[in-house]
Amino acid sequence: MTTAQGEFQVQLTELDEMAAVLETAGARMAEIHQRLRQADAALAAGAARPVDPTAVTGPPQEVATVAGQVRSDVSATAQRSHQVTAEHAALSPELAEDAGKLQATRDAYAEAEGRAKGGLPGGGLPPGGPGGPSGPGGPTGPVPHPGESDAQAIAPDQVSYRDKGAWPSGEAACRQYVDQALDTMGITDPQARANWEQGMVTIMSRESAYNSPGFQVNEGDSNAHGAPMADGSPANCSRGACQTVPATFARYHQPGTSTEIYDPVANTAAAMNYCMGTYQVRKDGSNLAQNVQQADPNRPPHGY
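Residues numbered from 1 in each chain as written. Predicted model: local features only at pLDDT ≥ 70, side-chain atom pairs only at ≥ 80, totals over all residues. Heavy atoms only, no water.

(A) Up close: the state of the cysteines. Counted by the stated rule, this structure contains 0 disulfides. Here C275 is not disulfide-linked; the sulfur of C242 is the nearest cysteine sulfur, at 8.2 Å. (Disulfide = S-S within 2.5 Å.)

(B) View of the packing of helix 3 (residues 171-184) against helix 4 (residues 190-208). Viewed as axis vectors pointing N to C, helix 3 and helix 4 meet at an angle of 135°, and their least axial separation amounts to 9 Å. Between helix 3 and helix 4, the interaxial angle falls into the category oblique. Considering the relative orientation of helix 3 and helix 4, their crossing is right-handed. Of the residues in helix 4, those in contact with E171, C174, R175, Y177, V178, D179, L182 and D183 of helix 3 are R193, W196, E197, M200, V201 and M204. Partitioned by chemical class, the residues of the contact of helix 3 with helix 4 number 8 nonpolar, no polar and 6 charged. (Axes fitted to C-alpha atoms, helices over the stretch in contact; angles between N-to-C directions. Helix = DSSP H or I, 4+ residues; strand = E, 2+ residues; numbered from the N terminus. Parallel < 35°, antiparallel > 145°, perpendicular 65-115°, else oblique. Left-handed = near helix turned anticlockwise from the far one by under 90°. Contact = heavy atoms within 4.5 Å. Nonpolar A, V, L, I, M, F, W, Y, C, P; charged D, E, K, R; others polar.)

(C) Focus on helix 4. Its 19 residues place the ends of helix 4 26 Å apart at the C-alpha level, agreeing with the 27 Å of an ideal helix rising 1.5 Å per residue. Between a side-chain oxygen at the N-terminus of helix 4 and the backbone nitrogen of Q191 the separation is 3.1 Å; the capping residue is D189. Among the residues trailing helix 4, A209 stands out with phi positive, at a value near 50°. (Expected span 1.5 Å × (residues − 1). Polar contact = N/O pair within 3.5 Å; in protein donor to acceptor, adjacent residues only side chain to side chain.)

(D) Summary view of the packing of aromatic side chains. Using the criterion set out here, one finds 3 aromatic pairs in the structure. Here the aromatic rings of Y252 and Y274 are separated by 5.6 Å at their centres, their planes lie at 85°, and the arrangement is edge-to-face. Taken together, the positions of Y252 in the loop between helix 5 (246-251) and helix 6 (264-279) and Y274 in helix 6 put the pair 22 residues apart, joining distant regions of the chain. The class for Y274 is buried, based on a relative accessible area of 0%. Ring centres of Y274 and Y279 lie 5.8 Å apart, and the angle between their planes is 85°; this geometry places the pair in the edge-to-face category. Y279 sits in the buried class, given a relative accessible area of 8%. Among the aromatic residues, those joined into a cluster by ring pairs are Y252, Y274, Y279 and Y304. (Phe/Tyr/Trp six-rings, centres within 6.5 Å; stacked < 30°, edge-to-face > 60°. Buried < 20%, exposed > 50% of the residue type's maximum accessible area, 1.4 Å probe, protein only.)

(E) Structural context of helix 6. Between its first and last C-alpha, helix 6 extends 21 Å over 16 residues, near the 22 Å set by a 1.5 Å rise per residue. Taken across its 16 residues, helix 6 has 16 buried, putting it largely inside the fold.

(F) How the structure looks around the confidence of the model for the protein chain. Looking at the protein chain, the pLDDT average stands at 75 and 52% of residues meet or exceed 70. Contacts from residues 1-10, a stretch scored under 50 in pLDDT, to residues over four places away or in other chains number 12 contacts. (pLDDT = per-residue confidence, 0-100.)

(G) View of the environment of A235. Structurally, the position occupied by A235 is in the loop between strand 1 (217-218) and strand 2 (238-239). When its relative accessible area of 17% is taken as the criterion, A235 is described as buried. Setting aside its immediate chain neighbours within four residues, A235 contacts Y161, H225, G226, A227, M229 and P246.

What follows is the structure, encoded as structure tokens:
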């Protein structure tokens, strides 16, 4: 490994550690938010409920004073709780956005490292940011590690966006799409097919809820920018069963599949080529779950 590649590995390790911290923080914030909402509701109900005079003994004037103070304290606490809940709700999207940016940066380094290891030009960070399903793609060109993947890049303007929702969703349908992609890619060994099927179906479940209509295009992350395309969504949005961005779909396009990004077979094959080119996944898929956490059903979801 060259010094530059060693530096890449350090960066990837650091970014993975940061991503793990963000993931843990996000989960903790979600738990806190739920508890804050429960406390908020309880305090609001308490502030609205009158104090029972019979619950406090003593002279009537003192009872009234205590009751008023209790109502005032509960109301003030409820107001503060509501404010904290609102502040937390505002912070959550910011944390998610930061996590997305971090993942996009991590993908950029991973792709650059893959190119450096393959001895290809462009071993530095690609212009304009990361390339891959989690980030905007770099320039169209040869796929890293020739021979591991038989992808042949197409021009980004050849990508079609017309047929959103034209293919069935569900786990069974997704398994068929993976099988068809494997057929097209000439992967016939039963164990290799099993490796890829388990990993890619896991990715599909996490990225698009098995190609569900409501999850076939992501307009809510940092990729959602650019001019509207034929499907009405911004150009760089992640799309399809495996949520590839158009530049990545074009760069890792599989010969023999369509240029329609919503075609699950074409989308899956491009995602497989991307995994081989960027994460050094072997063509038999034997290290897919190891190298791509999003494909590992035994580990938490993690953008790829």
